[in-house]
Amino acid sequence: MNHDLFGHMEQALITLQPGAFILRDFAGDCASQLWQDLQQVLSAAPWRHMQTPGGLTMSVAMSNCGRLGWVSDHAGYRYAVEDPLSGQPWPPMPPSFITLAESAAAKAGFDRFRPDACLINRYEAGAKLSLHQDKDERDFSQPIVSVSLGLPATFLFGGLKRTDPVLRTELHHGDVVVWGGPARLRYHGILPLKAGQHCTAGNARINLTFRAAG
Ligand code: MD6
Ligand code: FE
């Protein structure tokens, strides 16, 4: 982190690959507000382990907020306006979420990003996300903004083919990844989470991914 002459923090924009940026600690200052608002969302749309189309139970627990929510079941992956557990619309995206996502996107050069979906992932020790592409969204010209909270995890950045070489980086509480343009369809994943304790999130890593899905 850099300090300018007046002591303000300069948040570094690190280019990982063309179109993929890491904003280290970008969400650090608002993390406690995000955490508080997240509890509100989860009281309406609690954690659940979805089924893959192949019938396996995902190790990552999920929820959503915003107009659209990402769901997986025997019928496949898609965005849905209702929470299948409650039959109700997903809870609205808290203003703190929207402000953070739009300002991170703008910092990375995507100043027209207006998310309508926020997928919320919870990893406990051993939970992982296998290499995948995010391709259920309508408009690939819009980026994805990903916010990490709680325990650190190793993020895998691959290429456009599953077998391409994979880059690794550790994501910490408050780090934001903006992922768009030529990086938008790259394979990526999360290695199995290592056990630990985080002062806010306890034994878990929480990830918020914001998308313009519809
Ligand atoms: C996670 N993230 O960090 C899972 N996808 O828990 C993703 O799958 C992801 O972080 C697209 C863009 C950024 C991401
Ligand atoms: Fe993804």
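Residues numbered from 1 in each chain as written. Chains lettered and ligands numbered in written order. Predicted model: local features only at pLDDT ≥ 70, side-chain atom pairs only at ≥ 80, totals over all residues. Heavy atoms only, no water.

Engineer: Sorry if this is basic, but what is going on with the sheet that holds strand β12 (residues 167–171) here?
Structural biologist: Each strand in a sheet pairs with another by means of backbone hydrogen bonds, the pair being arranged parallel or else antiparallel. Spatial ordering of the open sheet is given by β9-β14-β11-β12, a layout of four strands whose pairing is antiparallel. Of all the strands in the sheet, the pair left with one neighbour each is β9 (129–132) and β12. Geometrically, the sheet is characterised by an average inter-axis angle of 20 degrees between neighbouring strands, direction not taken into account. (Pairing = 2+ DSSP bridges. Helix = DSSP H or I, 4+ residues; strand = E, 2+ residues; numbered from the N terminus. Axes fitted to C-alpha atoms, helices over the stretch in contact; angles between N-to-C directions.)

Engineer: Can you help me understand the pattern of salt bridges in this one?
Structural biologist: Where side chains of opposite charge bring their charged atoms close, a pairing between them can arise. Tallying each qualifying case throughout the model produces ten salt bridges. Put simply, D164 and K161 hold a salt bridge, and the shortest N to O gap is 3.5 Å. Overall, K161 belongs to the exposed group, its relative accessible area being 51%. Here the salt bridges share partners, and the residues they tie into one network are D134, E137, R184 and R211. (Salt bridge = Lys/Arg side-chain N within 4 Å of Asp/Glu carboxyl O. Buried < 20%, exposed > 50% of the residue type's maximum accessible area, 1.4 Å probe, protein only.)

Engineer: Explain the state of the cysteines to me, please; I cannot follow it from the model alone.
Structural biologist: The bond known as a disulfide is covalent and runs between the sulfur atoms of two cysteines. For the structure on display, the rule yields zero disulfides. Left without a disulfide partner, C118 is nearest to the cysteine sulfur of C65, which lies 4.1 Å away. Here C199 stays unpaired: no disulfide links it, and the sulfur of C30, its closest cysteine neighbor, is 15 Å away. (Disulfide = S-S within 2.5 Å.)

Engineer: Would you take a moment to explain unusual backbone geometry for this structure?
Structural biologist: The phi torsion of most residues other than glycine is negative, and most of the peptide bonds are trans. With phi around 60 degrees, D25 is a residue other than glycine that occupies positive phi space. By the secondary structure assignment, D25 is in the loop between β4 (20–23) and α1 (31–44).

Engineer: Whenever I open this one, the site of ligand 1 confuses me. Can you help?
Structural biologist: Near ligand 1 there are 14 residues, and of these Y123, D134, S146, H188 and R205 occur at the shortest range. In the model, an oxygen atom of ligand 1 is placed 2.8 Å from a nitrogen or oxygen of the R205 side chain. Taking N207, its side chain carries an N or O atom lying 3.3 Å from an oxygen atom of ligand 1. Considered on its own, ligand 1 offers 340 Å² of accessible surface; in the complex 99% of this is hidden by protein. Mapped by element, the contributors of at least two residues to the shell around ligand 1 are β8 (117–123), β9, β10 (144–150), β14 (188–190) and β15 (205–211). When residues of the shell around ligand 1 are assigned to their parent elements, the largest contribution, three residues, is made by β15. Looking at side-chain class alone, the shell around ligand 1 contains six nonpolar, six polar and two charged residues. (Near = heavy atom within 4 Å. Polar contact = N/O pair within 3.5 Å; in protein donor to acceptor, adjacent residues only side chain to side chain. Areas by Shrake-Rupley, 256 points an atom, 1.4 Å probe, with all protein chains shown as cover. Nonpolar A, V, L, I, M, F, W, Y, C, P; charged D, E, K, R; others polar.)

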